[in-house]
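# Structural overview for review
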Amino acid sequence: MAGIIKRKDTWYACFRVGGKLKVRTTGIKITPLVTPGKLKNAAMKEAELQARIIA
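Quick summary incoming for the structure in this document. What you see is a predicted model; the values in this text were computed from it and never measured.

## Observations regarding the environment of Ala55
Here Ala55 lies in the segment after α1 (40–54). Measuring from C-alpha to C-alpha, the distance between Ala55 and Met1 comes to 8.3 Å, with 54 residues separating the pair along the chain. Ignoring anything within four residues of it in the chain, the contact list for Ala55 reads Ala2, Gly3, Ile4 and Ala13.

## Some points on the nonpolar core
Ranked by size, the top nonpolar core spans 6 residues in total: Ile4, Trp11, Ile28, Ile30, Ala47 and Ala51. With residues near it in sequence (within four places) discarded, Ile30 still touches Lys6, Arg7, Lys8, Asp9, Thr10, Trp11, Met44 and Ala47.

## With respect to the environment of Arg7
You can see Arg7 is positioned in strand β1 (residues 3–7). Using a relative accessible area of 42% as the deciding quantity, one classes Arg7 as partly exposed. Between the C-alpha atoms of Arg7 and Thr25, which are 18 residues apart in sequence, the distance is 9.2 Å. When residues no more than four places from it in sequence are discounted, the contact partners of Arg7 are Tyr12, Val23 and Ile30.

## Considering the pattern of salt bridges
Under the counting rule described, the total for this entry stands at 2 salt bridges. Of the charged contacts in the structure, one is a salt bridge between Asp9 and Lys29, with a shortest N-O distance of 3.5 Å. Taken together, the residues span a long stretch of sequence, with Asp9 in the loop between β1 and β2 (10–17) and Lys29 in strand β3 (residues 20–29) at a distance of 20 residues. Looking at Asp9, the relative accessible area reads 39%, which means it is partly exposed. Here Lys29 falls in the partly exposed class, since its relative accessible area comes to 45%. Across the salt bridge formed by Glu48 and Arg52, the nearest N and O atoms sit 3.2 Å from each other. Taken together, the positions of Glu48 and Arg52, both in helix α1 and 4 residues apart, correspond to about one turn of that helix.

Each value, and the rule that gives it
- Residues numbered from 1 in each chain as written.
- Predicted model: local features only at pLDDT ≥ 70, side-chain atom pairs only at ≥ 80, totals over all residues.
- Heavy atoms only, no water.
- Helix = DSSP H or I, 4+ residues; strand = E, 2+ residues; numbered from the N terminus.
- Contact = heavy atoms within 4.5 Å.
- Core = buried A, V, L, I, M, F, W, Y, C linked by side-chain atoms within 4.5 Å.
- Buried < 20%, exposed > 50% of the residue type's maximum accessible area, 1.4 Å probe, protein only.
- Salt bridge = Lys/Arg side-chain N within 4 Å of Asp/Glu carboxyl O.

Function cannot be read off these values alone, since they describe shape.
Here it is as structure tokens:
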């Protein structure tokens with residue numbers, strides 16, 4: 001099972017393969033552009049959920 005971490009401004013997936021830790025980018029920004037009518041926290045939570053799905 002993969003986990004996610006923050007690095008710079010992007011979510012990264014962390015997982016183990018053969019006992020070694022692999023870190024790969026998900027390509028999802030931590031603070032995405034907020035569309036009108038949405039709160040910044042809601043947009044950040046949605047970005048985190050998308051990164052978890054990819055991981």
